[in-house]
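Observations on the three-dimensional arrangement
Read off the chains here:
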Amino acid sequence: MSRNQELIEKIEQLKQKRNAIILAHNYQLGEIQDLADFQGDSLDLSRKAAATDAEVIVFCGVHFMAETAAILSPDKTVLLPDRNSGCPMADMIDADSLRAKKAEHPEAVVVTYVNSTAEVKAESDICCTSANAAAVVSSIAADKEIIFTPDQYLGTFVQEKTGRRMILWPGFCPTHRRIKPEHIEQKKKEYPDAKVVVHPECRPEVTALADAVTSTSQMRKFAAENPADTIIVGTELGIIHPLQKDNPKKKFIALTEQAICPNMKMSTLEKVLKALEQNQYLVKVEGPVRQKAEQALLRMLAVS
Ligand code: 13P
Ligand code: SF4
């Protein structure tokens, strides 16, 4: 038996014993996606975290995702296999600076991308993910001013889609920012019949050139439904694994091999096993921060 098979067997046994579920984001290592009970984008995963009967959730993703699960399921044990798997975009805003911005615009509604800390969600009126951001913004009364945090690029994309002007926080995803318009131009020359799908965390110059701009799970839908047999993908490279698995006859080309999020690659089979054996690393959100953050998340889930 290979080392990986041995680890997978041990994980399966412990999962049964502890009544645990493994959730994995679409950017995780292939072996982690294959091991997971449920895999998806941030919206899928937050819905699943809110609805599962399992007592333990092992969250293979980054810290804000495990935190979202802990906010929505406060009585469950939520484990993050590597405590260092953060999100640099989420760290580009904190509760104090958001409070200062709100003081400048006391009437504004605050829409916060789930890629944010619990404290920032608690200061927000409603959350969104890349899959439902336009729907969330459109649900807000037309005469209301909106502060959109922390992703300026997702915010710009939503402005274009909804026609709503917003006050944009200047955050961004360093991984998606590495994707440039020239990457699309080069790949389109190499594969003239291919379709291009990119994530809304990309720069506006990139989203402007794409055939579709979607969340990671919506990319899977696009790839399955679009007749093109070559699809060029502009997001974190982990997405190629489920796309190729879902569509073995199609060809998927990454816009750039530089689009890797190191934080998303930190969960390994060894660390998932250790998480279940040693109950680590516990992610908990308590008190008024949890309650207020939960309100913002539940308002989002009610929209989409
Ligand atoms: P989605 O899977 O929700 O599109 O997520 C993008 C992302 O950056 C997660 O870190
Ligand atoms: Fe954060 Fe970007 Fe990594 Fe997503 S891909 S976790 S937004 S740094």
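First, a word on what this report is: a plain description of the structure on this page. (Residues numbered from 1 in each chain as written. Chains lettered and ligands numbered in written order. Predicted model: local features only at pLDDT ≥ 70, side-chain atom pairs only at ≥ 80, totals over all residues. Heavy atoms only, no water.)

We now examine the overall build of the protein. Each helix and strand in the protein was counted, giving 15 helices and twelve strands. Dimensions along the principal axes, computed over C-alpha positions, put the protein at roughly 60 × 55 × 30 Å. Each of the 304 residues in the protein was classed as buried or not, and the buried ones make up 57%. The contacts in the protein between residues at least 6 apart in sequence include a share of 63% that link residues at least 24 apart. As displayed, the protein offers around 13,100 Å² of accessible surface, 48% of which is attributable to carbon and sulfur atoms. (Helix = DSSP H or I, 4+ residues; strand = E, 2+ residues; numbered from the N terminus. Buried < 20%, exposed > 50% of the residue type's maximum accessible area, 1.4 Å probe, protein only. Contact = heavy atoms within 4.5 Å. Areas by Shrake-Rupley, 256 points an atom, 1.4 Å probe, with all protein chains shown as cover.)

In this section: the side chain of K187. For K187, the position within the fold is in helix α10 (residues 181–190). For the buried residue K187, which engages in no salt bridge, the nearest side chain bearing the opposite charge is E190, 4.2 Å off. (Lys, Arg positive; Asp, Glu negative; His and termini not counted. Salt bridge = Lys/Arg side-chain N within 4 Å of Asp/Glu carboxyl O.)

This next bit is on the site of ligand 2. As a matter of local geometry, ligand 2 sits amid Y27, V62, C87, P88, N115, C173, E201, C261 and M264. In terms of residue class, the shell around ligand 2 is built from seven nonpolar, one polar and one charged. (Near = heavy atom within 4 Å. Nonpolar A, V, L, I, M, F, W, Y, C, P; charged D, E, K, R; others polar.)

This next bit is on the pairing of strand β3 (residues 56–60). In terms of burial, β3 is largely enclosed, as five of its five residues are buried. By the alternation rule, side chains of β3 split into V56, V58 and C60 and I57 and F59, which are all buried. Two strands pair when backbone bridges link them, and strand β1 (residues 20–25) and β3 are joined in this way by five bridges, in the parallel orientation. Pairing of A24 across the sheet is with C60, part of β3. When β3 meets strand β4 (residues 77–79), the two strands line up parallel, connected through three bridges. Residue pairing across strands places V58 opposite L79, the latter belonging to β4. (Pairing = 2+ DSSP bridges.)

Side chains three or four residues apart in an α-helix point the same way, a direct result of the helix having 3.6 residues per turn. Judged by how many residues are buried, helix α4 (residues 63–72) sits mostly within the fold: nine of ten residues are covered. For α4, the full list of buried residues reads F64, M65, A66, E67, T68, A69, A70, I71 and L72. As for α4, its buried residues are in contact with β1, α3 (42–51), β3, β4, α6 (118–122) and α15 (287–303).

Before going further, it helps to examine the sheet that holds strand β2 (residues 38–40). What the four strands build is an open sheet, ordered β2-β1-β3-β4; its pairing is parallel. Strands at the two margins of the open sheet, each flanked by one partner only, are β2 and β4. Along the sheet, successive strands turn relative to each other by an average axial angle of 20 degrees, direction set aside. Along the sheet, α4 makes contact with β1, β3 and β4, crossing β3 at roughly 155 degrees. (Axes fitted to C-alpha atoms, helices over the stretch in contact; angles between N-to-C directions.)

Each aromatic ring pair is specified by the distance between its two centres and by the angle formed by the two planes. Under the counting rule described, the total for this entry stands at zero aromatic pairs. Lying over the aromatic face of F172, R177 brings its terminal NZ or CZ to 3.7 Å of the ring centre. (Phe/Tyr/Trp six-rings, centres within 6.5 Å; stacked < 30°, edge-to-face > 60°. Lys NZ or Arg CZ within 6 Å of the ring centre and 35° of its normal.)

All right, on to the sheet that holds strand β6 (residues 126–128) then. Across the sheet, which stays open at both edges, the four strands sit in the order β6-β5-β7-β8 with parallel pairing between neighbours. A single partner strand is all that each edge strand has here, and the edge strands are β6 and β8 (167–168). When strand β7 (residues 146–149) meets β8, the two strands line up parallel, connected through two bridges. Counted as the bridge partner of I147 is I167 from β8.

A few words now on the environment of L209. Mapped onto the elements of the fold, L209 is located in the loop between α11 (204–207) and β10 (212–213). You can call L209 partly exposed: its relative accessible area is 39%. Residues L209 and V196, spaced 13 residues apart in sequence, show a C-alpha to C-alpha distance of 8.2 Å. Leave out the neighbours within four places in its chain, and L209 touches P181, I184 and E185.

Right, let's get into the site of ligand 1. Around ligand 1, 13 residues are found, and the nearest of them are H25, S130, H199, E201 and T216. Note that an oxygen atom of ligand 1 is positioned 2.8 Å from one of the side-chain N or O atoms of E201. In the complex, the protein chains occlude 96% of the 300 Å² of accessible area that ligand 1 would expose alone. Class assignment for the residues of the shell around ligand 1 results in four nonpolar, seven polar and two charged. (Polar contact = N/O pair within 3.5 Å; in protein donor to acceptor, adjacent residues only side chain to side chain.)

Attention now goes to unusual backbone geometry. With omega at -20 degrees, the peptide bond leading from T149 into P150 counts as cis. Position of P150 relative to the elements: it lies in the loop between β7 and α8 (152–162). A cis amide bond, omega -10 degrees, links Q280 with the succeeding residue Y281. As for its position among the elements, Y281 is in the loop between α14 (269–278) and α15. We note that N19 has phi near 50 degrees; this positive angle belongs to a residue other than glycine. Owing to a relative accessible area of 33%, N19 belongs among the partly exposed residues under this scheme.

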